[in-house]
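One-letter residues, chain by chain:
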Amino acid sequence: MHPHGHYAVHSLLTEALAYLAEHPDDAVVPHLHDLLATLVVQLSDRDQLGGRPCSLGLVVDEAAACLLNVAIPQRTTLPFDPDVLARLAEVDRLPLPGRRRLLAAATRCTAPAAQQ
């Protein structure tokens, strides 16, 4: 992925982490894929995905793959793996603090300094 794509993925994961931090009740937190899809549109509308336009679907897929690679490092997940949604649903079953920890780790992995 190009550097602008890494920035977009990092921005999306950061926004998802902030969302989960603001919503401590598990009952009101959407599934991770739904959350990522909603937040990427909001970031795009606010021009916060970097300087170059990119596929919003690809940004969501990359963020989901990164999150799964942090959650299950023994199995490399690619953005277009057919089972990403099912595997992300497994992460949804974790308690909210566990999902926050995974998002925090994925955010650190995609930080601009980590990409150099």
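Worth saying up front: this structure is predicted, and the values here are computed from it rather than measured. Residue numbers restart at each chain and count upward from 1, following the sequence in its written direction. Residues qualify for local features only when their pLDDT is at least 70, as the model is predicted, and side-chain atom pairs are given and counted only at 80 or more; totals for whole chains, interfaces and linings, by contrast, use all residues. Calculation of side-chain values draws on the structure's entire complement of heavy atoms; hydrogens and water are dropped beforehand.

Caption draft 1: View of the overall build of the chain. Scanning the chain for helices and strands turns up five helices and zero strands. Only DSSP runs of H or I covering at least 4 residues are called helices, and only runs of E covering at least 2 are called strands; the numbering of each starts at the N terminus. Of the regular secondary structure in the chain, the N- to C-terminal order runs α-α-α-α-α. What the globule rule says is 2.2 Å times the number of residues to the power 0.38, and the radius of gyration is computed from C-alpha atoms. For the chain, the C-alpha radius of gyration of 13 Å lies close to 13 Å, the compact-globule estimate for 116 residues. Along the first, second and third principal axes, the C-alpha set of the chain runs to 35 × 30 × 25 Å. To sort residues, take the accessible area from a 1.4 Å probe on protein chains only and compare it with the maximum for the residue type: under 20% means buried, over 50% means exposed, and anything in between is partly exposed. A buried classification covers 39% of the 116 residues belonging to the chain.

Caption draft 2: Unusual backbone geometry, seen in detail. Residue Asp-47 is not a glycine yet carries a positive backbone phi of 55 degrees. Residue position: Asp-47 is located in the loop between helix H2 (32-45) and helix H3 (56-71).

Caption draft 3: Quick look at the pattern of salt bridges. The salt bridge definition used is simple: a Lys or Arg side-chain nitrogen within 4 Å of an Asp or Glu carboxyl oxygen. With the rule as written, the count across this model stands at two salt bridges. Here Arg-46 ties to Glu-15 by a salt bridge, and the two come within 3.1 Å at their closest N and O atoms. Taken together, the residues Arg-46 in the loop between H2 and H3 and Glu-15 in helix H1 (residues 3-22) connect sequence positions 31 residues apart. Across the pair Asp-83 and Arg-75 runs a salt bridge whose closest N-O atoms are separated by 2.9 Å. Classification of Asp-83 as partly exposed rests on a relative accessible area of 25%. Exposure remark for Arg-75: the relative accessible area of 35% places this residue in the partly exposed category.

Caption draft 4: Summary view of helix H4 (residues 84-92). Among the residues of H4, those classed as buried are Val-84, Arg-87, Leu-88, Val-91 and Asp-92. Take H4 and look down its axis: the buried residues cluster within an arc of 160 degrees, on one side only. The arc refers to the directions leading from the helix axis to the C-beta atoms.

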